[in-house]
Amino acid sequence: MGPEGTWEIITGNHAAAIAAKLARVKVVPAYPITPQTTIVEYIASFIDSGQMEAEYIRVESEHSAMAAAIGASAAGVRAFTATASQGLLLMSEVLHWAAGSRLPIGMAVVNRAVGPPWNIHVDHQDAMSQRDTGWLQVYVSSNQEVLDTILMMYKVAENPDVLLPFMVCLDGFVLSHTYMPVNIPRQEDVAEFLPEYSPSHWKLDPNDPITFGNLALPDEYQEMRWSMDLSMRRALDLIEDVSEEFFQKFGRYHGGATWKYKVEDSDYVIVTAGTMASEAEVAVDELRDEGMRVGLLKVRSFRPFPHRDMAEVLQDRRGVVVIDRSIAFSSGGPLGIEIRSSLYNRSGSPPIANYVTGLGGRDVTYRDIVAMAKDGIGRIMSDRLRRPYYWFKLKPEYERIELSEEVRM
Amino acid sequence: MGLGVPIIVPVSKPSKGAAGKTGLWRVERPVVNEDKCIKCWLCWLYCPEDVISEGDNGFPKIDYTFCKGCGVCADVCPTKAIQMVREEE
Ligand code: SF4
Ligand code: SF4
């Protein structure tokens, strides 16, 4: 077991801010948005009280926040920011610039529904819609995991084989504003685990001027995208290694790219992400009490997507129930879509029941997960799994219309 | 783990022709009429490609390898000393 830290009872946002402090980030461009606001407020207070030495830049928008983070990271220092929902979408263009410039910027994304209509509650569509920006994305389900994952992901992102920015995604309010006990590691231990960032691939230096993001035409562009893709794939192994190293040093393990709960002997496996995965653990226990052999595979890393883990764990099961908190209109849940592509070319690939639910913060309890698992297992066993995905927990009057769709298939 | 990842960064050192031979883009070429030129050097100041310099005879000289033919110089010239002439086939 690793060295002792101190215990505090804090929110997920507070944990994210402490992680930025422990990571010794040097620049924090900040623009507030619910439910992210207290992250940048905590960081401002750390800097103000001298607990943290960093440049705090108050910018006029999230687009500028990311542009400033790019400038800082390009100048060779560790940068951090945080956002949510519309803020992340406003950043979208610059997210591509950060990744394409190979800058390992860290960001906490407090998952919140996208408008209209305005809604401040949890939903993964904000981050999942940024799937192809070249950012690593990890979804977490406790405040301790928020803190630990930010530290681990800097280490992954700054690896010379990766050099891509990362988001740690935490569920709005469910984590961001909920108090939990969190162990805060000692600064000197974190410094040993995560040394100062010192880039060797490129940096802005007035004594050796270069430009970045210049023109690259058809004979050069494609290899740059390939290089990002390869780095992303290599990051998968690194996430496992760094999680193991973190465990050795601090005694905590949250999983690598995925986390497995009672999957060994399972006939059916539930797959989900974020705080729904914590509820799903309880659901697995309930279902097992009822005599069903069910396990849980929690997706931590959505980018890179752990296709190999999926194939290894899910192949030859009787069925898989994937629960998504995001809608890819007319196509299903983003996790469901990915997992199908992990399994499609494999022999013994199990049937997949994909559910879309919990949008805009609609509560998804372990009871709901038990209900989805039973519905999915029932469909698989009775050969009634006809549609690529199902909506769950619609109001009854709309549920009727949705059910009528089934007849049309 | 396989071979190291070639991290291909989109950065470039400033150098002459960093964006290739932009002269190939040209449809019209700027031609300086030295009789009209008053050597105000506005064309030199405005040229986005920095291809105008002082020639041996003291008048503006254009490097056609990189002049992309944008016509900015002709537009800013106060005496209309620069004419855009269509490139021959
Ligand atoms: S045409 Fe454009 S590029 Fe060419 S010399 Fe004039 S200003 Fe410069
Ligand atoms: S702008 Fe016209 S007048 Fe002035 S230096 Fe250039 S060519 Fe001559």
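Report follows, based on the coordinates. If you're wondering where the values come from, they're calculated on a predicted model, not measured in any experiment.

**A short note on unusual backbone geometry**
All names here are of chain A. Following Gly-115, the chain continues into Pro-116 via a peptide bond in cis, with omega recorded as 0 degrees. Structurally, the position occupied by Pro-116 is in the loop between strand E5 (106-111) and helix H5 (125-128). Each neighbour pair has its own omega, and for Arg-303 with Pro-304 the value is 0 degrees, a cis peptide bond. Tracing the chain through its elements places Pro-304 in the loop between strand E13 (301-303) and helix H10 (307-314). One non-glycine residue, Arg-24, lies in positive phi territory at about 55 degrees. Among the secondary structure elements, Arg-24 is positioned in the loop between helix H1 (12-22) and strand E2 (27-30). Positive phi, close to 70 degrees, is recorded for Asp-316, a residue that is not glycine. Mapped onto the elements, Asp-316 comes out in the loop between H10 and strand E14 (319-324).

**As for the site of ligand 1**
All names here are of chain B. The environment of ligand 1 is made up of 14 residues, and the closest members are Cys-47, Cys-67, Cys-70, Gly-71 and Cys-73. Under a 2 Å grid-point criterion requiring more than half of the atoms, the pocket assigned to ligand 1 is the second largest cavity. For the shell around ligand 1, the per-class residue count stands at 10 nonpolar, two polar and two charged.

**Focus: empty space enclosed by the protein**
All names here are of chain B. Within this structure, the stated rule accounts for three cavities of 30 Å³ or more. Taken as a whole, the largest cavity encloses approximately 100 Å³ of empty space. Cys-37, Cys-40, Cys-43, Pro-60 and Cys-77 are the residues nearest the centre of the largest cavity, which is lined by 14 residues in total. Here the lining of the largest cavity is composed, by residue class, of 12 nonpolar, one polar and one charged. Empty space within the second largest cavity amounts to approximately 80 Å³. Around the second largest cavity, the lining residues are Pro-30, Cys-47, Pro-48, Glu-49, Val-51, Ile-52, Cys-67, Lys-68, Gly-69, Cys-70, Gly-71 and Cys-73. Considered class by class, the residues forming the lining of the second largest cavity number eight nonpolar, two polar and two charged.

**Examining helix H9 (residues 275-289) of chain A**
Residues and elements named next belong to chain A. In this model H9 runs 22 Å from its N-terminal to its C-terminal C-alpha over 15 residues, within 8% of the 21 Å that 1.5 Å per residue would give. Those residues of H9 not exposed but buried are Thr-275, Met-276, Ala-277, Ala-280, Ala-283, Val-284 and Leu-287. Taken from the residues just after H9, Gly-291 is the one with a positive phi, measuring 95 degrees.

About the cut-offs
- Residues numbered from 1 in each chain as written.
- Chains lettered and ligands numbered in written order.
- Predicted model: local features only at pLDDT ≥ 70, side-chain atom pairs only at ≥ 80, totals over all residues.
- Heavy atoms only, no water.
- Helix = DSSP H or I, 4+ residues; strand = E, 2+ residues; numbered from the N terminus.
- Near = heavy atom within 4 Å.
- 1 Å grid on protein atoms, 1.4 Å probe; cavity = no way out; pocket = protein on both sides within 12 Å on 5 of 7 lines; lining within 4 Å.
- Sits in = over half its atoms within 2 Å of the grid points.
- Nonpolar A, V, L, I, M, F, W, Y, C, P; charged D, E, K, R; others polar.
- Points joined across faces, edges and corners; volume = space filled by probe spheres on them.
- Expected span 1.5 Å × (residues − 1).
- Buried < 20%, exposed > 50% of the residue type's maximum accessible area, 1.4 Å probe, protein only.

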